Amino acid sequence: MTQRAKIDTDGSEAEAVGPPVVHRPAGLTSAEVAERVARGEVNDVPVRSSRSTTDIVRGNVFTRFNAIIGMLWVIMFFVAPIQDSLFGFVIIANTGIGIIQELRAKKTLDGLAVIGEAKPTVRRDGVAAELSTSEIVLGDLIELGPGDKVVVDGEVAEADSLEIDESLLTGEADPVVKKPGDRMMSGSFVVAGGGAFTATKVGREAYAAQLAEEASRFTLVHSELRTGISTILKYVTWMMIPTAIGLVVSQLVVKDNNFKDAVARTVGGIVPMIPEGLVLLTSVAFAIGVVRLGRKQCLVQELPAIEGLARVDVVCLDKTGTLTEGGMDVTELRPLDGADETYVRKVLGALGESDPHPNASLQAIIDAYPDTVEWRCTEALPFSSARKYSGAAFSEGNGENSTWLLGAPDVLLPAGDPTLTEIDHLNEQGLRVLLLARTANELDSPEVATGAHPTALVVLEQRLRPDAADTLAYFADQNVDTKVISGDNAVSVGAVAGKLDMPGAANTVDARTLPTDREEMAKVLDENAVFGRVTPQQKRDMVAALQSHGHTVAMTGDGVNDVLALKDADIGVSMGSGSEATRAVAQIVLLNNSFATLPSVVAEGRRVIGNITRVATLFLTKTVYSVLLAVLVVCSQVEYPFLPRHLTLLSTLTIGVPAFFLALAPNKERAKPNFVRRVMRYAIPGGVIAAAATFTTYLLARHHYSGEGALEAETSAATLTLFLVSMWVLAIIARPYTWWRLVLVAAMGGAFLLVLVVPWLQDFFALKLVGTTLPWAAVAIAAAGGLLLEVAWRWVDRRFPA
């Protein structure tokens, strides 16, 4: 039963009317606050959305592959010239870039988190003021209204029909009515009524603090991209171990070479097996995505949300606050059955005054109809999205008592009531209609709406967001289905969607007719786009039903009734002006309250996923050909053809520099699943062909050259073939061509040509083509390998479609 506050008609107080004014607790004094701060009894929960600078540096420096490369780098300092140690300097540069970019992202995230941080109202010295959650101390008195999140554990001090949703903590969806003395759990939120509570546990002692810290940390976990890369790296590691051991034995034991040269060539075989830049570029791409979205006032609370929204194929929209602006205007008041309009205005004014936490609809009524002093509220029933109405009982000042309900006409009136026909005509125009009805029942009665007498219709006009139509058109163009899921009348919602030219707006469904079976509900959801009279629990069920049909679902909303659905959706998107509870559970918060920012997030996600797929193919092609070359060398019992400097040069020109530009380029491709499969189906044939072409040239060169300097000549010919085949891989990856991509590929080719013709660069990189026969043979073999690449990748596209 909802807790009530009553006053007898003679004016004597039977029960307190809401929070008592005279005995209202003043909260802590400034001196008491200072004492608690000195004792450390402060709500020192870590900053949301960000990991520490130490964690960022540690995460970028202390990696498995950095440890391997670092060890090899130290070895090379003692056995080879500095140019064979260049790979170590490249790793330092890459790691530095990763740290700098992630620190930039951290700064952006932390700045946006402060802007978007909910500031609870705390009462101190008898004055209520908004404070940061980190400023709350033990014993503070914190005020609550609808949509407010309980930020610390506490005990209820004041309750005015206070209803708390603890579903995010307990899984129980039904709101819990709270009375003074009841326990409050951090992480729950207010769905109706208001009140205040005293903080009894703050900081890390609060129930939800550790959960919140883990849930909102700057992380890439739950990311298909990151998980796929981790899977690939795990297999690469297992391939590397036996191959590297075989190479060490081959070069140091079997072949009777100069020791230092053998060590250098062994290291040269191991280093390129490591796709060290792949993890870096993924982190950099995400970090730059955060910074770009931050400039558009979009707070990404969990990094995978950028990727996740790019994979979304269904977006569920709450109409109010998403398609329409939060505010409304009363456009008409229609008294029914001869009701006196002046009297009706008094009723509406008194109803507005009875709710200390009005929603947008009631606020419009308050603005249009000011309260009169002679009416006093003796009992109040706050609005609930589950009930679809609010109510109040009044002493009218002339000895009369009356009880009124204000809410959804099709909920308060029985089916077939003639008034509903009039309301339907208004709804068809996209107007929102509330019914004012008088009831003879008690407000706390389950049958309070039964027999309610319709007195007046309040017609409200919703303000359409100017950018909503373009955003809906964008999603339609990108083959992303949009579903409007609203608690409002279905016809009215459909009319609003129709004004925005939303596909399927003509077919509206009243959610009260939806089947409860998940499979049947999913079928209805697939066939229709606009749903009205949806309860909070139904929103949650609808998200689950769509997911059961394999859809990746994003849910947008700003009200308390959206929280459960936002939590369960693959991606939750909240408006910055939305309730604290919705902002807490959403992965993305649009701080500028603009639905039009969503396409930017989708585009950023597509850029990240599409580009990382491209560059991953480059890196893993190198890993495959490096492992195969090492295996061929071991089996053939010959010297490894390359020194570290050769592969550093090749990696820089065919992978490192191009990958950096390609990873940050615009990319509008729709994100596709199966990242590992899509990358490896290209990397494996590409690596096999590159290794086969290179080793063929190397064997030919070994038969062609002899005497002093033969190994250097053989290496140069093999390097030429490997470079040309790798460039062909890059040229395929860079498609479709734009002017800057052509310039990029040409610049890399020109840089290698420069090394071949400038004498001091020839000496530095130990690259000098000898004669004409073998160099041209190397070019011919590379050309054959390139043509084979084209054929193989086309065959892969047909045989293993992504």
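Scroll up to find the structure.
This one's a predicted model, so the numbers in the text were calculated from it and none came from an experiment. (Residues numbered from 1 in each chain as written. Predicted model: local features only at pLDDT ≥ 70, side-chain atom pairs only at ≥ 80, totals over all residues. Heavy atoms only, no water.)

What is the right way to look at the sheet that holds strand 16 (residues 481–485) in this model?
Strand pairs in the sheet, formed through backbone hydrogen bonds, run parallel or antiparallel to each other. Pairing within the open sheet is mixed, and its 8 strands lie in the order 8-21-20-19-9-16-18-17. In this open sheet, the two edge strands, each paired with only one partner strand, are strand 8 (298–300) and strand 17 (508–510). With strand direction ignored, the average angle separating the axes of adjacent strands in the sheet is 20°. Bridge count between strand 19 (residues 553–557) and strand 20 (residues 571–575): 4 bridges; the pairing is parallel. Looking at the pairing, G557 lines up with S574 of strand 20. Of the strands in this sheet, strand 8, strand 19, strand 20 and strand 21 (588–590) touch helix 10 (residues 304–311), which is tilted by about 105° from strand 20. (Pairing = 2+ DSSP bridges. Helix = DSSP H or I, 4+ residues; strand = E, 2+ residues; numbered from the N terminus. Axes fitted to C-alpha atoms, helices over the stretch in contact; angles between N-to-C directions. Contact = heavy atoms within 4.5 Å.)

I'm lost on the nonpolar core in this one. Help?
If you look at soluble globular proteins, the nonpolar side chains tend to sit buried side by side. In this structure, L309, I588, F595 and F752 are the most contacted members of the largest nonpolar core, which totals 127 residues. With 15 residues, the single largest contributor to this core is helix 21 (residues 598–636). With sequence-adjacent residues up to four places away left out, L309 is seen in contact with A554, I571, I588, L598, V601 and V602. (Core = buried A, V, L, I, M, F, W, Y, C linked by side-chain atoms within 4.5 Å. Buried < 20%, exposed > 50% of the residue type's maximum accessible area, 1.4 Å probe, protein only.)

Help me out: how do you make sense of a negative patch on the surface in this one?
A surface patch of negative charge is lined by D481, D517, E519, D526 and E527. A total of 3 residues in the negative patch trace back to one element, the largest contributor, which is helix 17 (residues 518–527). Inspection of the secondary structure puts D526 in helix 17. Judged by relative accessible area, D526 falls into the partly exposed class, the value being 35%. (Patch = residues over 30% accessible without salt bridge, like charges linked within 9 Å, V, L, I, M, F, W, Y side chains within 5 Å. Areas by Shrake-Rupley, 256 points an atom, 1.4 Å probe, with all protein chains shown as cover. Salt bridge = Lys/Arg side-chain N within 4 Å of Asp/Glu carboxyl O. Lys, Arg positive; Asp, Glu negative; His and termini not counted. Charge placed at Lys NZ, Arg CZ, Asp CG, Glu CD.)

For this particular structure, what's the right way to read the side chain of N528?
Within the element layout of this structure, N528 appears in the loop between helix 17 and strand 18 (530–532). Polar contacts involving the side chain of N528 include one to the main-chain carbonyl oxygen of V524, which spans 3.0 Å. What N528 contacts, discounting residues up to four positions off in sequence, is K483, N507 and V509. (Polar contact = N/O pair within 3.5 Å; in protein donor to acceptor, adjacent residues only side chain to side chain.)

What's the story with the environment of L500 in this structure? I'm lost.
Along the chain, L500 turns up in the loop between helix 16 (490–499) and strand 17. C-alpha of L500 to C-alpha of T471: the two residues are 29 residues apart in sequence and 9.6 Å apart in space. Those residues in contact with L500 that sit more than four places away from it in its chain are L323, L464, A468, A469 and L472.

Can you walk me through the environment of R376 in this structure?
Within the element layout of this structure, R376 appears in strand 11 (residues 376–384). Residues R376 and E353, 23 residues apart in the sequence, show an inter-C-alpha distance of 9.2 Å.

Would you take a moment to explain the pairing of strand 2 (residues 127–130) for this structure?
Judged from the 4 bridges that link them, strand 1 (residues 121–124) and strand 2 form a sheet pairing that is antiparallel. Paired with R124 across the strands is V127, a residue of strand 2. Connecting strand 1 to the antiparallel partner strand 2 that follows it, the hairpin turn spans 2 residues, and D125 within it adopts a positive phi of roughly 55°.

What is the right way to look at the packing of aromatic side chains in this model?
The description of two aromatic rings rests on the distance between their centres and on the angle between their planes. By the definition in use, this model includes 11 aromatic pairs. Look at Y640 and F642: their rings are 6.0 Å apart centre to centre, the planes differ by 75°, and that puts the pair in the edge-to-face class. Considered together, Y640 and F642 belong to a single accessibility category, that of buried residues. An aromatic cluster is present here, built from Y343, W375, F394 and W404 joined pairwise through their rings. The side chain of K234 reaches across the aromatic face of Y235, ending 5.4 Å from its centre. (Phe/Tyr/Trp six-rings, centres within 6.5 Å; stacked < 30°, edge-to-face > 60°. Lys NZ or Arg CZ within 6 Å of the ring centre and 35° of its normal.)

Explain helix 8 (residues 259–270) to me, please; I cannot follow it from the model alone.
Residues that lie three or four places apart on an α-helix share one face, since the helix turns once every 3.6 residues. Compared with an ideal rise of 1.5 Å per residue, which puts 12 residues at 16 Å, helix 8 spans 17 Å between its outermost C-alpha atoms and is within 8% of the ideal. The buried fraction of helix 8 amounts to 9 of the 12 residues, a majority that puts the element mostly inside the structure. What helix 8 keeps buried is the set A262, V263, A264, R265, T266, V267, G268, G269 and I270. (Expected span 1.5 Å × (residues − 1).)

Just checking my understanding: could you explain a nonpolar patch on the surface for this structure?
Taken together, the side chains of V74, F77, F78, I82, F89 and I92 define a hydrophobic patch exposed on the protein surface, amounting to about 610 Å² of accessible area. Contributing elements (two or more residues each) for the nonpolar patch: helix 3 (64–79) and helix 4 (86–116). For the nonpolar patch, the element with the most residues is helix 3, which contributes 3 residues. Note on placement: F78 falls in helix 3. Using a relative accessible area of 67% as the deciding quantity, one classes F78 as exposed.

Would you mind going over the pattern of salt bridges with me for this structure?
If you walk through the whole model with that rule in mind, you get 21 salt bridges. A salt bridge links R540 to D568, with the shortest nitrogen-to-oxygen separation between them at 2.6 Å. Residue R540 is located in helix 18 (residues 536–548), and its partner D568 is located in helix 19 (residues 563–568); the two are separated by 28 residues in the primary sequence. Its relative accessible area of 19% is what places R540 among the buried residues. Between R607 and E604 there is a salt bridge, with its nearest N and O atoms 2.6 Å apart. Taken together, the residues span about one helical turn, with R607 and E604 both in helix 21 at a distance of 3 residues. Accessibility assignment for this pair places R607 and E604 in one class, buried. A single salt-bridge network, built from bridges that share partners, covers D410, D510, R512 and R533.

Can you walk me through the packing of helix 9 (residues 276–294) against helix 21 in this structure?
For any two helices packed against each other, the geometry is given by the interaxial angle and the distance between the axes. Packing of helix 9 against helix 21 brings their axes to within 10 Å, and their N-to-C directions diverge by 165°. If you check the angle between helix 9 and helix 21, you find them roughly antiparallel. With respect to the hand of their crossing, helix 9 and helix 21 are arranged in right-handed fashion. Contact with helix 9, carried on its side by E276, G277, L278, L281, T282, A285, F286, G289, R292 and L293, involves S600, V601, E604, R607, V608, I612, V615, A616, F619, L620 and K622 of helix 21 and no other residues of that element. Counted by class, the contact of helix 9 with helix 21 contains 12 nonpolar, 4 polar and 5 charged residues. (Parallel < 35°, antiparallel > 145°, perpendicular 65-115°, else oblique. Left-handed = near helix turned anticlockwise from the far one by under 90°. Nonpolar A, V, L, I, M, F, W, Y, C, P; charged D, E, K, R; others polar.)

I tried to follow the side chain of S626 on my own but got confused; where do I start?
One can find S626 in helix 21. With residues near it in sequence (within four places) discarded, S626 still touches P272 and M273.

Even after reading the chapter, I still don't get unusual backbone geometry, so can you show me in this structure?
The phi torsion of most residues other than glycine is negative, and most of the peptide bonds are trans. The amide bond that connects R735 to the next residue, P736, takes the cis arrangement and shows omega of -5°. Positive phi outside glycine occurs at D337, with the angle close to 50°. Note that D337 resides in the loop between strand 10 (324–335) and helix 11 (341–354). The backbone of N479 shows a phi angle near 60°, a positive value even though the residue is not glycine. Inspection of the secondary structure assignment puts N479 in the loop between helix 15 (468–477) and strand 16. The exposed category is assigned to N479, whose relative accessible area is 56%.

Everything listed here is a matter of coordinates, which is why it stays silent on function.
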